[in-house]
Amino acid sequence: MAKGYWIGRVDVTDPEQYKNYLATNGPAFEKYGAKFLVRGGDFSSLEGENRSRNVVIEFESVETALACYNSPEYQTAKAHRLPASEADIFIIEGYE
């Protein structure tokens, strides 16, 4: 079974409010076995538009990644992220 990945591209617009998101997203990621492969960090933008923060999170499967996103635990955290950032979030199947 192929792994599932969240790919997030984020511009934080309210750093203080965004701290609440960071403080509340852990339970969902822990529950669904998330493994952070990329979490911010320096990057080189070579083509297209970018955002200031990039995240790649690995899950056991696409179904697990979707379950995490749709979970009550993540929806609680997401409520803190939405007013504090602009984001593009994708869930994609890994290559085997």
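From a predicted model like this one, the values you see are computed outputs, not experimental measurements. (Residues numbered from 1 in each chain as written. Predicted model: local features only at pLDDT ≥ 70, side-chain atom pairs only at ≥ 80, totals over all residues. Heavy atoms only, no water.)

Right, let's talk about the sheet that holds strand E4 (residues 85-93) for a bit. Read across the sheet, four strands follow the order E2-E3-E1-E4 without closing on themselves; strand pairing throughout is antiparallel. Sheet topology places strand E2 (35-39) and E4 at the edges, where each strand pairs with a single neighbour. Strand after strand, the sheet turns through a mean of 15 degrees between neighbouring axes, direction not considered. Where E2 lies against strand E3 (residues 53-59), four bridges are found, and the strand directions are antiparallel. Residue Lys35 lies in a different strand from E3, and its bridge partner there is Glu58. Across the face of the sheet, helix H3 (residues 62-70) comes into contact with strand E1 (4-12), E3 and E4 while running at roughly 150 degrees to E4. (Pairing = 2+ DSSP bridges. Helix = DSSP H or I, 4+ residues; strand = E, 2+ residues; numbered from the N terminus. Axes fitted to C-alpha atoms, helices over the stretch in contact; angles between N-to-C directions. Contact = heavy atoms within 4.5 Å.)

Most of E3 is tucked away: five of the seven residues are buried. In this sheet, E3 lies alongside E1 in antiparallel orientation, the contact comprising seven bridges. Pairing of Gly8 across the sheet is with Val55, part of E3. (Buried < 20%, exposed > 50% of the residue type's maximum accessible area, 1.4 Å probe, protein only.)

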